[in-house]
Amino acid sequence: MLTCLANDIDYSEIYSYQLKTKGEPGDLLIVLSGSGNSPNVVQALKVGNQKNIKTFAILGFDGGA
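Rules of the game
- Residues numbered from 1 in each chain as written.
- Predicted model: local features only at pLDDT ≥ 70, side-chain atom pairs only at ≥ 80, totals over all residues.
- Heavy atoms only, no water.
- Pairing = 2+ DSSP bridges.
- Helix = DSSP H or I, 4+ residues; strand = E, 2+ residues; numbered from the N terminus.
- Right-handed = clockwise from strand over helix to strand, strands pointing away.
- Core = buried A, V, L, I, M, F, W, Y, C linked by side-chain atoms within 4.5 Å.
- Buried < 20%, exposed > 50% of the residue type's maximum accessible area, 1.4 Å probe, protein only.
- Contact = heavy atoms within 4.5 Å.
- Expected span 1.5 Å × (residues − 1).

K.L.:
Tell me about the pairing of strand 2 (residues 54-59), residues and numbers included.
P.N.:
Inspection of the sheet shows strand 1 (residues 28-33) paired to strand 2 by 6 bridges, in the parallel sense. Within strand 2, the residue paired with L32 across the bridge is I58. Taking the sense of rotation as the criterion, the β-α-β connection linking strand 1, helix 3 (residues 39-50) and strand 2 turns out right-handed.

And the structure:
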């Protein structure tokens, strides 16, 4: 699924695109990121918050964006 989306849309939107179409208020989004700066992860968190999806991030280093 991810490689298909990456070919058809921008890689930075592969997670947020799925949230836009399938995410519902009250869902839980858990993201894992070493840097916390990956555009696809940051965008997914933004969309999750816009859709009233509960978000939880496990990040390394200094936490990133």
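K.L.:
Lay out the nonpolar core with the relevant residues and their values.
P.N.:
Proteins that are soluble and globular tend to have nonpolar side chains buried together. In this structure, L19, L29, V31, V41, A44, L45, V47 and I53 together form the largest nonpolar core, which totals 8 residues. Sorting the residues of this core by element identifies strand 1 and helix 3 as the ones contributing at least two each. With 4 residues, the single largest contributor to this core is helix 3. Once residues within four sequence positions are removed from consideration, I53 is found in contact with L19, G23, E24, G26, D27, L28, L29 and G48.

K.L.:
Summarise unusual backbone geometry; cite the residues concerned and give the values.
P.N.:
The phi angle at N52 is positive, at roughly 60 degrees, despite the residue not being glycine. One can find N52 in the loop between helix 3 and strand 2. Unlike most non-glycine residues, F61 shows phi in positive territory, near 50 degrees. Note that F61 resides in the segment after strand 2.

K.L.:
Tell me about helix 3, residues and numbers included.
P.N.:
Between its first and last C-alpha, helix 3 extends 16 Å over 12 residues, near the 16 Å set by a 1.5 Å rise per residue. Listing the buried residues of helix 3 in full gives N40, V41, V42, A44, L45, V47 and G48. Check the buried side of helix 3 and you find it contacts helix 2 (14-22), strand 1 and strand 2. Phi turns positive, to about 60 degrees, at N52, one or two residues after helix 3.

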